[in-house]
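Below are the chains, spelled out letter by letter.
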Amino acid sequence: MENGQGGVKGANIKGMSTSSPPQSDKHALVLSGGGARAAYQVGALRYIAKALPEYRPQILTGISAGAINAAHLAAHQGTWAEAVSQLSNIWLSLDTEKVYATGFGNMARRVMVWGLRLLSGGRLGNADVRGMVDNSPLREFLHDNLPMHDDERIAGIQENIARGVLESLAIITTNYGSGRSVAWVEGNNPLLWERGQLRANDTQMRLDHIMASSALPMFFPAVRLESAWHGDGGVRLTAPLSPALHLGATRILAVSPRAKPVNAIPPELRDPYPSPAQIASVLLNAVFLDMLDYDALQMNRINRLVSKLAPEHTSEFRQVEVMVLRPREDLGKLAQEHEITMPSSFRFFERGLHNKESRSSDALSMVMFEPEYLALLIRLGEEDAAERRDEIESFLRGGACSLPVW
(Lines give C-alpha, C1' and ligand atoms only; values in the text may rest on other atoms or scores of the structure.)
Protein backbone atom coordinates (compact mmCIF):
# COMPACT_ATOMS: atom_id res chain seq x y z
CA MET A 1 0.00 0.00 0.00
CA GLU A 2 1.15 3.54 -0.71
CA ASN A 3 1.30 5.76 2.33
CA GLY A 4 1.04 9.49 2.64
CA GLN A 5 4.78 9.83 3.16
CA GLY A 6 5.78 7.96 -0.01
CA GLY A 7 8.67 5.50 0.01
CA VAL A 8 8.33 1.72 0.29
CA LYS A 9 6.46 -0.43 2.75
CA GLY A 10 7.00 -4.14 3.15
CA ALA A 11 5.59 -6.51 0.53
CA ASN A 12 6.21 -10.11 -0.42
CA ILE A 13 7.20 -9.74 -4.06
CA LYS A 14 8.73 -12.59 -6.05
CA GLY A 15 10.47 -13.96 -2.99
CA MET A 16 11.77 -10.56 -1.89
CA SER A 17 12.06 -9.71 1.78
CA THR A 18 9.17 -8.03 3.60
CA SER A 19 11.17 -5.63 5.77
CA SER A 20 10.25 -1.95 5.58
CA PRO A 21 12.73 0.92 5.26
CA PRO A 22 13.22 3.44 8.05
CA GLN A 23 10.12 5.63 8.17
CA SER A 24 12.31 8.74 8.46
CA ASP A 25 13.70 8.16 4.95
CA LYS A 26 12.55 10.65 2.33
CA HIS A 27 12.89 9.15 -1.14
CA ALA A 28 13.74 11.18 -4.22
CA LEU A 29 13.87 10.14 -7.88
CA VAL A 30 16.30 12.10 -10.07
CA LEU A 31 15.77 11.82 -13.83
CA SER A 32 18.60 13.34 -15.85
CA GLY A 33 18.78 14.49 -19.46
CA GLY A 34 19.81 12.93 -22.71
CA GLY A 35 17.02 13.59 -25.20
CA ALA A 36 15.62 10.37 -26.63
CA ARG A 37 17.80 8.40 -24.24
CA ALA A 38 15.33 9.29 -21.49
CA ALA A 39 13.24 6.38 -22.77
CA TYR A 40 15.75 4.15 -20.96
CA GLN A 41 14.58 5.67 -17.66
CA VAL A 42 11.04 4.52 -18.40
CA GLY A 43 12.17 0.92 -18.82
CA ALA A 44 14.06 0.92 -15.52
CA LEU A 45 11.10 2.45 -13.71
CA ARG A 46 8.72 -0.01 -15.35
CA TYR A 47 10.60 -2.95 -13.88
CA ILE A 48 10.82 -1.35 -10.43
CA ALA A 49 7.08 -0.57 -10.50
CA LYS A 50 6.34 -4.23 -11.20
CA ALA A 51 8.82 -5.66 -8.70
CA LEU A 52 8.21 -3.09 -5.95
CA PRO A 53 4.70 -1.74 -6.58
CA GLU A 54 4.65 0.12 -3.26
CA TYR A 55 7.66 2.29 -4.07
CA ARG A 56 6.68 5.89 -4.65
CA PRO A 57 9.19 8.74 -4.19
CA GLN A 58 8.05 11.87 -2.37
CA ILE A 59 10.41 14.10 -4.37
CA LEU A 60 10.80 14.14 -8.15
CA THR A 61 13.38 16.16 -10.05
CA GLY A 62 13.66 16.34 -13.82
CA ILE A 63 16.44 17.69 -16.00
CA SER A 64 16.18 18.10 -19.78
CA ALA A 65 14.17 15.19 -21.25
CA GLY A 66 13.93 13.77 -17.74
CA ALA A 67 11.67 16.75 -16.98
CA ILE A 68 9.00 15.25 -19.25
CA ASN A 69 9.12 11.97 -17.33
CA ALA A 70 9.12 13.70 -13.94
CA ALA A 71 6.20 15.98 -14.82
CA HIS A 72 4.04 13.08 -15.99
CA LEU A 73 4.82 10.98 -12.89
CA ALA A 74 4.10 13.93 -10.59
CA ALA A 75 0.78 14.72 -12.25
CA HIS A 76 -0.72 11.27 -12.84
CA GLN A 77 -3.84 10.55 -10.81
CA GLY A 78 -3.54 6.91 -9.87
CA THR A 79 -1.03 4.40 -8.59
CA TRP A 80 2.67 4.66 -9.32
CA ALA A 81 2.52 1.52 -11.45
CA GLU A 82 -0.26 3.04 -13.55
CA ALA A 83 1.70 6.28 -13.93
CA VAL A 84 4.80 4.43 -15.16
CA SER A 85 2.75 2.23 -17.49
CA GLN A 86 1.07 5.25 -19.08
CA LEU A 87 4.44 7.01 -19.41
CA SER A 88 5.75 3.96 -21.27
CA ASN A 89 2.78 4.11 -23.64
CA ILE A 90 3.45 7.80 -24.30
CA TRP A 91 7.07 7.11 -25.28
CA LEU A 92 6.07 4.16 -27.45
CA SER A 93 3.66 6.39 -29.38
CA LEU A 94 6.42 8.88 -30.26
CA ASP A 95 8.28 9.26 -33.52
CA THR A 96 10.72 11.89 -34.75
CA GLU A 97 8.09 13.87 -36.64
CA LYS A 98 6.16 14.33 -33.39
CA VAL A 99 9.22 15.98 -31.82
CA TYR A 100 10.54 18.29 -34.54
CA ALA A 101 9.74 19.12 -38.15
CA THR A 102 11.69 16.81 -40.46
CA GLY A 103 10.60 18.05 -43.89
CA PHE A 104 13.55 18.67 -46.22
CA GLY A 105 12.43 22.23 -46.99
CA ASN A 106 12.08 23.19 -43.34
CA MET A 107 15.46 21.77 -42.35
CA ALA A 108 17.22 23.12 -45.46
CA ARG A 109 15.90 26.63 -44.79
CA ARG A 110 17.24 26.60 -41.22
CA VAL A 111 20.62 25.24 -42.31
CA MET A 112 20.88 27.93 -44.99
CA VAL A 113 19.97 30.69 -42.54
CA TRP A 114 22.63 29.54 -40.10
CA GLY A 115 25.18 29.23 -42.90
CA LEU A 116 24.41 32.70 -44.29
CA ARG A 117 24.80 34.31 -40.90
CA LEU A 118 28.15 32.62 -40.31
CA LEU A 119 29.54 33.36 -43.78
CA SER A 120 28.34 36.98 -43.81
CA GLY A 121 29.40 37.86 -40.30
CA GLY A 122 25.76 38.23 -39.27
CA ARG A 123 24.80 40.64 -42.08
CA LEU A 124 22.64 38.12 -43.97
CA GLY A 125 20.03 35.67 -42.83
CA ASN A 126 17.35 35.98 -40.18
CA ALA A 127 18.78 37.64 -37.09
CA ASP A 128 16.32 35.80 -34.85
CA VAL A 129 17.03 32.14 -35.67
CA ARG A 130 15.58 30.06 -32.87
CA GLY A 131 17.06 26.60 -32.89
CA MET A 132 18.32 24.36 -35.66
CA VAL A 133 14.94 22.63 -35.86
CA ASP A 134 11.30 23.54 -35.30
CA ASN A 135 10.14 21.63 -32.21
CA SER A 136 6.55 22.89 -32.18
CA PRO A 137 5.38 19.28 -32.84
CA LEU A 138 6.80 18.31 -29.43
CA ARG A 139 4.81 21.06 -27.74
CA GLU A 140 1.62 19.81 -29.41
CA PHE A 141 2.41 16.22 -28.46
CA LEU A 142 3.01 17.08 -24.80
CA HIS A 143 -0.09 19.25 -24.72
CA ASP A 144 -2.13 16.26 -25.87
CA ASN A 145 -0.45 13.71 -23.57
CA LEU A 146 0.13 15.55 -20.29
CA PRO A 147 -2.84 16.46 -18.07
CA MET A 148 -3.27 20.17 -18.68
CA HIS A 149 -5.44 23.10 -17.62
CA ASP A 150 -6.59 25.60 -20.24
CA ASP A 151 -3.77 28.00 -19.26
CA GLU A 152 -1.20 25.18 -19.81
CA ARG A 153 -0.62 24.57 -16.11
CA ILE A 154 0.13 20.88 -15.53
CA ALA A 155 -2.95 19.39 -13.86
CA GLY A 156 -2.77 16.82 -11.08
CA ILE A 157 0.36 17.95 -9.25
CA GLN A 158 -1.46 19.94 -6.58
CA GLU A 159 -3.99 17.12 -6.19
CA ASN A 160 -1.19 14.60 -5.54
CA ILE A 161 0.43 16.99 -3.06
CA ALA A 162 -2.90 17.35 -1.25
CA ARG A 163 -3.29 13.55 -1.18
CA GLY A 164 0.14 13.22 0.41
CA VAL A 165 1.62 11.01 -2.32
CA LEU A 166 3.90 13.80 -3.57
CA GLU A 167 5.85 16.41 -1.67
CA SER A 168 7.73 18.33 -4.36
CA LEU A 169 8.44 18.41 -8.09
CA ALA A 170 11.49 20.33 -9.31
CA ILE A 171 12.17 21.03 -12.98
CA ILE A 172 15.59 22.46 -13.83
CA THR A 173 16.30 25.01 -16.56
CA THR A 174 19.25 27.22 -17.53
CA ASN A 175 18.78 31.00 -17.59
CA TYR A 176 20.64 32.04 -20.73
CA GLY A 177 20.76 35.65 -19.51
CA SER A 178 22.43 35.06 -16.14
CA GLY A 179 24.06 31.73 -16.99
CA ARG A 180 22.63 30.21 -13.79
CA SER A 181 20.59 27.08 -13.23
CA VAL A 182 17.04 27.52 -11.93
CA ALA A 183 15.01 24.88 -10.09
CA TRP A 184 11.30 25.54 -10.60
CA VAL A 185 9.64 23.94 -7.58
CA GLU A 186 6.00 23.07 -7.07
CA GLY A 187 5.41 21.58 -3.67
CA ASN A 188 3.95 21.76 -0.22
CA ASN A 189 5.83 24.67 1.41
CA PRO A 190 8.98 23.99 -0.64
CA LEU A 191 12.34 24.85 0.87
CA LEU A 192 13.61 27.54 -1.47
CA TRP A 193 17.29 28.34 -1.74
CA GLU A 194 19.83 30.34 -3.71
CA ARG A 195 23.32 28.94 -3.56
CA GLY A 196 26.17 29.01 -6.04
CA GLN A 197 24.97 28.52 -9.61
CA LEU A 198 21.56 27.14 -8.59
CA ARG A 199 18.53 29.04 -7.34
CA ALA A 200 14.99 27.87 -6.64
CA ASN A 201 11.71 29.50 -7.66
CA ASP A 202 8.31 28.57 -6.26
CA THR A 203 5.92 28.08 -9.18
CA GLN A 204 2.92 26.31 -10.62
CA MET A 205 4.37 24.02 -13.26
CA ARG A 206 3.46 24.85 -16.85
CA LEU A 207 4.17 23.35 -20.22
CA ASP A 208 6.71 26.14 -20.81
CA HIS A 209 8.84 24.85 -17.90
CA ILE A 210 8.94 21.39 -19.47
CA MET A 211 9.74 22.76 -22.94
CA ALA A 212 12.50 24.98 -21.57
CA SER A 213 14.17 22.24 -19.53
CA SER A 214 14.20 19.88 -22.54
CA ALA A 215 15.41 22.48 -25.06
CA LEU A 216 18.71 20.94 -26.23
CA PRO A 217 21.09 23.90 -26.68
CA MET A 218 21.31 25.22 -30.24
CA PHE A 219 19.16 22.32 -31.49
CA PHE A 220 15.83 23.35 -29.89
CA PRO A 221 14.81 26.99 -29.36
CA ALA A 222 14.93 28.58 -25.91
CA VAL A 223 11.68 29.37 -24.05
CA ARG A 224 10.81 32.59 -22.24
CA LEU A 225 10.03 32.06 -18.56
CA GLU A 226 9.05 35.20 -16.69
CA SER A 227 11.48 37.83 -18.01
CA ALA A 228 14.34 35.66 -19.32
CA TRP A 229 15.07 33.03 -21.95
CA HIS A 230 15.69 29.52 -20.61
CA GLY A 231 17.07 26.36 -22.13
CA ASP A 232 18.16 22.86 -21.23
CA GLY A 233 18.52 22.32 -17.50
CA GLY A 234 21.72 20.32 -17.79
CA VAL A 235 23.88 23.08 -19.29
CA ARG A 236 25.14 24.64 -16.03
CA LEU A 237 23.96 22.17 -13.39
CA THR A 238 27.24 20.88 -11.98
CA ALA A 239 25.51 19.02 -9.12
CA PRO A 240 22.45 17.21 -10.55
CA LEU A 241 21.58 15.69 -7.17
CA SER A 242 21.53 19.02 -5.34
CA PRO A 243 17.85 19.96 -6.01
CA ALA A 244 16.70 16.70 -4.38
CA LEU A 245 19.15 17.26 -1.55
CA HIS A 246 17.88 20.81 -0.95
CA LEU A 247 14.30 19.50 -0.88
CA GLY A 248 15.15 17.20 2.02
CA ALA A 249 15.87 13.84 0.40
CA THR A 250 17.72 11.24 2.45
CA ARG A 251 17.67 8.50 -0.19
CA ILE A 252 18.11 9.29 -3.89
CA LEU A 253 17.58 6.95 -6.84
CA ALA A 254 18.99 8.47 -10.03
CA VAL A 255 18.58 7.02 -13.52
CA SER A 256 21.25 8.00 -16.04
CA PRO A 257 20.97 7.09 -19.74
CA ARG A 258 24.73 6.81 -20.20
CA ALA A 259 26.73 3.59 -19.97
CA LYS A 260 29.81 3.54 -17.78
CA PRO A 261 32.67 5.23 -19.71
CA VAL A 262 35.44 2.92 -20.84
CA ASN A 263 39.14 3.78 -20.74
CA ALA A 264 40.04 1.97 -23.94
CA ILE A 265 39.76 4.01 -27.13
CA PRO A 266 37.86 2.17 -29.88
CA PRO A 267 40.18 1.34 -32.82
CA GLU A 268 38.07 3.37 -35.25
CA LEU A 269 38.61 6.55 -33.18
CA ARG A 270 42.38 6.32 -32.64
CA ASP A 271 43.70 7.75 -35.89
CA PRO A 272 41.19 9.99 -37.70
CA TYR A 273 40.89 13.64 -36.78
CA PRO A 274 37.69 13.99 -34.65
CA SER A 275 34.63 14.92 -36.67
CA PRO A 276 32.22 17.69 -35.61
CA ALA A 277 29.75 14.98 -34.57
CA GLN A 278 32.37 13.30 -32.38
CA ILE A 279 33.28 16.59 -30.69
CA ALA A 280 29.57 17.40 -30.22
CA SER A 281 29.09 14.00 -28.60
CA VAL A 282 31.83 14.67 -26.05
CA LEU A 283 30.39 18.10 -25.25
CA LEU A 284 26.83 16.79 -24.87
CA ASN A 285 27.98 13.97 -22.62
CA ALA A 286 29.86 16.48 -20.48
CA VAL A 287 26.82 18.74 -20.25
CA PHE A 288 24.11 16.18 -19.61
CA LEU A 289 25.61 12.98 -18.26
CA ASP A 290 29.08 13.19 -16.73
CA MET A 291 28.18 15.45 -13.78
CA LEU A 292 25.79 12.90 -12.32
CA ASP A 293 28.61 10.38 -11.88
CA TYR A 294 30.84 12.94 -10.19
CA ASP A 295 28.04 14.16 -7.93
CA ALA A 296 27.14 10.64 -6.78
CA LEU A 297 30.77 9.83 -6.02
CA GLN A 298 31.19 13.05 -4.06
CA MET A 299 28.06 12.36 -2.02
CA ASN A 300 29.26 8.89 -1.14
CA ARG A 301 32.62 10.31 -0.02
CA ILE A 302 30.81 12.80 2.22
CA ASN A 303 28.67 9.99 3.65
CA ARG A 304 31.81 8.09 4.62
CA LEU A 305 33.26 11.19 6.28
CA VAL A 306 30.05 11.88 8.22
CA SER A 307 29.91 8.27 9.40
CA LYS A 308 33.32 8.72 11.03
CA LEU A 309 32.33 11.83 12.99
CA ALA A 310 31.55 11.60 16.66
CA PRO A 311 27.78 11.77 17.38
CA GLU A 312 28.05 15.20 18.97
CA HIS A 313 29.41 16.60 15.68
CA THR A 314 26.77 15.16 13.32
CA SER A 315 23.71 17.22 14.30
CA GLU A 316 24.12 19.62 11.36
CA PHE A 317 24.81 16.86 8.82
CA ARG A 318 22.74 14.06 7.39
CA GLN A 319 23.76 11.08 5.35
CA VAL A 320 22.13 10.83 1.94
CA GLU A 321 22.31 7.45 0.26
CA VAL A 322 22.54 7.45 -3.53
CA MET A 323 22.08 4.77 -6.17
CA VAL A 324 22.64 5.40 -9.87
CA LEU A 325 21.09 3.10 -12.47
CA ARG A 326 22.62 3.15 -15.93
CA PRO A 327 22.70 1.08 -19.14
CA ARG A 328 25.23 -1.67 -19.61
CA GLU A 329 25.27 -1.03 -23.36
CA ASP A 330 26.34 2.13 -25.17
CA LEU A 331 23.11 3.77 -26.34
CA GLY A 332 25.05 5.83 -28.89
CA LYS A 333 26.23 2.70 -30.70
CA LEU A 334 22.69 1.36 -30.69
CA ALA A 335 21.49 4.61 -32.25
CA GLN A 336 24.00 4.21 -35.08
CA GLU A 337 22.52 0.78 -35.85
CA HIS A 338 19.05 2.36 -36.14
CA GLU A 339 20.09 5.47 -38.08
CA ILE A 340 18.44 4.15 -41.25
CA THR A 341 15.02 4.59 -39.61
CA MET A 342 15.53 8.35 -39.28
CA PRO A 343 13.82 10.69 -41.79
CA SER A 344 15.93 10.97 -44.94
CA SER A 345 16.22 14.76 -44.66
CA PHE A 346 17.76 14.48 -41.20
CA ARG A 347 20.18 11.75 -42.29
CA PHE A 348 21.28 13.89 -45.24
CA PHE A 349 22.37 16.83 -43.06
CA GLU A 350 23.59 14.63 -40.20
CA ARG A 351 26.08 12.80 -42.46
CA GLY A 352 27.78 16.11 -43.16
CA LEU A 353 28.96 16.24 -39.54
CA HIS A 354 30.88 12.95 -39.73
CA ASN A 355 34.26 11.93 -41.10
CA LYS A 356 34.32 9.01 -43.51
CA GLU A 357 36.84 7.31 -41.24
CA SER A 358 34.95 7.69 -37.97
CA ARG A 359 31.40 7.61 -36.71
CA SER A 360 30.22 8.87 -33.34
CA SER A 361 26.53 8.65 -32.56
CA ASP A 362 26.15 9.93 -29.00
CA ALA A 363 24.66 13.16 -30.33
CA LEU A 364 22.46 11.22 -32.75
CA SER A 365 21.12 9.07 -29.90
CA MET A 366 19.75 12.19 -28.19
CA VAL A 367 17.58 13.22 -31.15
CA MET A 368 16.56 9.79 -32.50
CA PHE A 369 12.92 9.49 -31.50
CA GLU A 370 12.17 6.54 -33.75
CA PRO A 371 9.73 3.91 -32.37
CA GLU A 372 12.06 0.92 -32.81
CA TYR A 373 14.93 2.68 -31.02
CA LEU A 374 12.71 3.96 -28.18
CA ALA A 375 11.18 0.51 -27.67
CA LEU A 376 14.69 -0.97 -27.53
CA LEU A 377 15.77 1.56 -24.88
CA ILE A 378 12.72 0.82 -22.74
CA ARG A 379 13.39 -2.91 -22.99
CA LEU A 380 17.07 -2.43 -22.08
CA GLY A 381 16.13 -0.30 -19.09
CA GLU A 382 13.80 -3.01 -17.86
CA GLU A 383 16.38 -5.75 -18.36
CA ASP A 384 19.17 -3.80 -16.66
CA ALA A 385 16.99 -3.04 -13.64
CA ALA A 386 16.02 -6.73 -13.42
CA GLU A 387 19.72 -7.62 -13.43
CA ARG A 388 20.20 -5.46 -10.33
CA ARG A 389 16.95 -6.49 -8.64
CA ASP A 390 18.44 -7.51 -5.29
CA GLU A 391 20.61 -4.40 -5.07
CA ILE A 392 17.71 -2.09 -5.96
CA GLU A 393 15.37 -3.76 -3.48
CA SER A 394 17.93 -3.52 -0.68
CA PHE A 395 18.57 0.15 -1.43
CA LEU A 396 14.90 1.14 -1.59
CA ARG A 397 14.22 -0.72 1.65
CA GLY A 398 16.90 1.19 3.55
CA GLY A 399 20.24 -0.39 2.66
CA ALA A 400 23.36 1.43 1.53
CA CYS A 401 24.65 1.43 -2.03
CA SER A 402 28.36 0.66 -2.02
CA LEU A 403 28.79 1.36 -5.72
CA PRO A 404 26.92 4.48 -6.93
CA VAL A 405 27.85 3.88 -10.57
CA TRP A 406 28.56 0.96 -12.85
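From a predicted model like this one, the values you see are computed outputs, not experimental measurements. (Residues numbered from 1 in each chain as written. Predicted model: local features only at pLDDT ≥ 70, side-chain atom pairs only at ≥ 80, totals over all residues. Heavy atoms only, no water.)

1. Quick word on the overall build of the chain
Here's step 1: Looking only at helices and strands, the chain has 15 helices and ten strands in total.
Here's step 2: Within the chain, the fraction of its 406 residues that count as buried is 55%.
Here's step 3: For the chain, the exposed surface amounts to about 17900 Å²; the carbon and sulfur share of it is 53%. (Helix = DSSP H or I, 4+ residues; strand = E, 2+ residues; numbered from the N terminus. Buried < 20%, exposed > 50% of the residue type's maximum accessible area, 1.4 Å probe, protein only. Areas by Shrake-Rupley, 256 points an atom, 1.4 Å probe, with all protein chains shown as cover.)

2. A few points about the nonpolar core
Here's step 1: One finds Leu29, Leu73, Trp91, Leu142, Ile157 and Leu253 to be the most contacted residues of the largest nonpolar core, which totals 79 residues.
Here's step 2: Among the elements that make up this core, the one with the highest residue count is helix α1 (residues 39–51) (nine residues).
Here's step 3: When residues no more than four places from it in sequence are discounted, the contact partners of Leu142 are Ile68, Met148, Leu207, Ile210 and Met211.
Here's step 4: Counting residues in each nonpolar core, the second largest holds 24 residues, with Ile172, Val185, Trp193 and Val322 among its members. (Core = buried A, V, L, I, M, F, W, Y, C linked by side-chain atoms within 4.5 Å. Contact = heavy atoms within 4.5 Å.)

3. Quick word on the packing of helix α3 (residues 80–92) against helix α14 (residues 371–387)
Here's step 1: For the pair α3 and α14, interaxial distance at closest approach is 9 Å and the crossing angle is 150°. Considering their axes alone, α3 and α14 lie roughly antiparallel with respect to each other. From α3, Ser88, Trp91 and Leu92 reach across to α14, where they touch Leu374, Ala375 and Ile378. (Axes fitted to C-alpha atoms, helices over the stretch in contact; angles between N-to-C directions. Parallel < 35°, antiparallel > 145°, perpendicular 65-115°, else oblique.)

4. Things to note about the pattern of salt bridges
Here's step 1: One pass over the full model with this rule turns up 14 salt bridges.
Here's step 2: Between Asp384 and Arg328 there is a salt bridge whose closest N-O contact spans 2.7 Å. Of this pair, Asp384 sits in helix α14 while Arg328 sits in the loop between β10 (321–325) and α11 (331–337), and the two are 56 residues apart along the sequence.
Here's step 3: Overall, Asp384 belongs to the buried group, its relative accessible area being 4%.
Here's step 4: Exposure remark for Arg328: the relative accessible area of 47% places this residue in the partly exposed category. (Salt bridge = Lys/Arg side-chain N within 4 Å of Asp/Glu carboxyl O.)

5. As for the pairing of strand β2 (residues 59–63)
Here's step 1: For β2, the tally of buried residues reaches five of five residues, placing the bulk of the element in the interior.
Here's step 2: Alternating residues of β2 divide into Ile59, Thr61 and Ile63 and Leu60 and Gly62, and every residue in both groups is buried.
Here's step 3: Bridge count for strand β1 (residues 27–31) against β2 is four bridges, and the pairing is parallel. Considered in β2, the bridge of Leu29 is made with Leu60.
Here's step 4: Following the chain from β1 across α1 to the adjacent parallel β2, one finds a crossover that is right-handed.
Here's step 5: The pairing of β2 with strand β3 (residues 168–175) spans five bridges and is classified as parallel. Note that in β3 the partner of Gly62 across the bridge is Ile171. (Pairing = 2+ DSSP bridges. Right-handed = clockwise from strand over helix to strand, strands pointing away.)

6. Focus: the packing of aromatic side chains
Here's step 1: Following the criterion strictly, the structure yields four aromatic pairs and no others.
Here's step 2: Residue placement shows Arg251 over the ring face of Phe395; its charged tip is 5.0 Å from the ring centre. (Phe/Tyr/Trp six-rings, centres within 6.5 Å; stacked < 30°, edge-to-face > 60°. Lys NZ or Arg CZ within 6 Å of the ring centre and 35° of its normal.)

7. Quick notes on the packing of helix α2 (residues 66–75) against α3
Here's step 1: The interhelical angle for the contact between α2 and α3, taken along N-to-C directions, is 140°, at an axis separation of 9 Å. On the basis of their axis angle, the class for α2 and α3 is oblique. In the crossing of α2 with α3, the sense of the turn from one axis to the other is right-handed. Across from Asn69, His72 and Leu73 in α2, the residues of α3 making contact are Trp80, Ala83, Val84, Gln86, Leu87, Ile90 and Trp91.
Here's step 2: Looking at the contact of α2 with α3 residue by residue, the class counts come to seven nonpolar, three polar and no charged. (Left-handed = near helix turned anticlockwise from the far one by under 90°. Nonpolar A, V, L, I, M, F, W, Y, C, P; charged D, E, K, R; others polar.)

8. Quick look at unusual backbone geometry
Here's step 1: Although it is not a glycine, Glu152 adopts a positive phi angle of roughly 70°.
Here's step 2: Structurally, the position occupied by Glu152 is in the loop between α5 (136–145) and α6 (157–163).
Here's step 3: Residue class for Glu152 comes out partly exposed when judged on its relative accessible area of 23%.
Here's step 4: Unlike most non-glycine residues, Glu226 shows phi in positive territory, near 55°.
Here's step 5: Of note, Glu226 is situated in the loop between β7 (223–225) and β8 (228–232).

9. Section: α3
Here's step 1: For α3, which comprises 13 residues, the first-to-last C-alpha distance of 18 Å matches the rise-based estimate of 18 Å (1.5 Å per residue) to within 8%.
Here's step 2: The complete set of buried residues in α3 reads Trp80, Ala83, Val84, Leu87, Ser88, Ile90 and Trp91. Here the buried residues of α3 occupy an arc of 160° about the axis, which is enough to place them on one side. (Expected span 1.5 Å × (residues − 1). Arc of directions from axis to C-beta.)

10. Notes on the environment of Gly33
Here's step 1: Considering the arrangement of structural elements, one finds Gly33 in the loop between β1 and α1.
Here's step 2: Take Gly33: its relative accessible area is 1%, and that puts it in the buried class.
Here's step 3: Distance in space between the C-alpha atoms of Gly33 and Gly234 is 6.7 Å, their sequence separation being 201 residues.

11. Concerning the pairing of β8
Looking along a regular strand, one sees the side chains alternate between the two faces of the sheet.
Here's step 1: Of all five residues in β8, four are buried, a share of seventy percent or more.
Here's step 2: The pairing of β3 with β8 spans three bridges and is antiparallel. Note that in β8 the partner of Thr174 across the bridge is Gly231.
Here's step 3: Relative to β8, β7 is paired through three bridges, and the arrangement is antiparallel. Bridge assignment links Val223 to a residue of β8, and that residue is His230.
Here's step 4: In this structure, the hairpin formed by β7 and β8 is closed by a connection of two residues, where Glu226 is found at a positive phi of approximately 55°.

12. Some remarks on the confidence of the model for the chain
Here's step 1: In this model, the chain carries an average pLDDT of 79, and 69% of its residues clear a pLDDT of 70 or more.
Here's step 2: Element-level mean pLDDT values for the chain span from 51 in helix α12 (residues 344–351) up to 97 in α2.
Here's step 3: Ignoring residues within four places in sequence, the model shows residues 1–22, a span with pLDDT below 50, making 58 contacts including any to other chains. (pLDDT = per-residue confidence, 0-100.)

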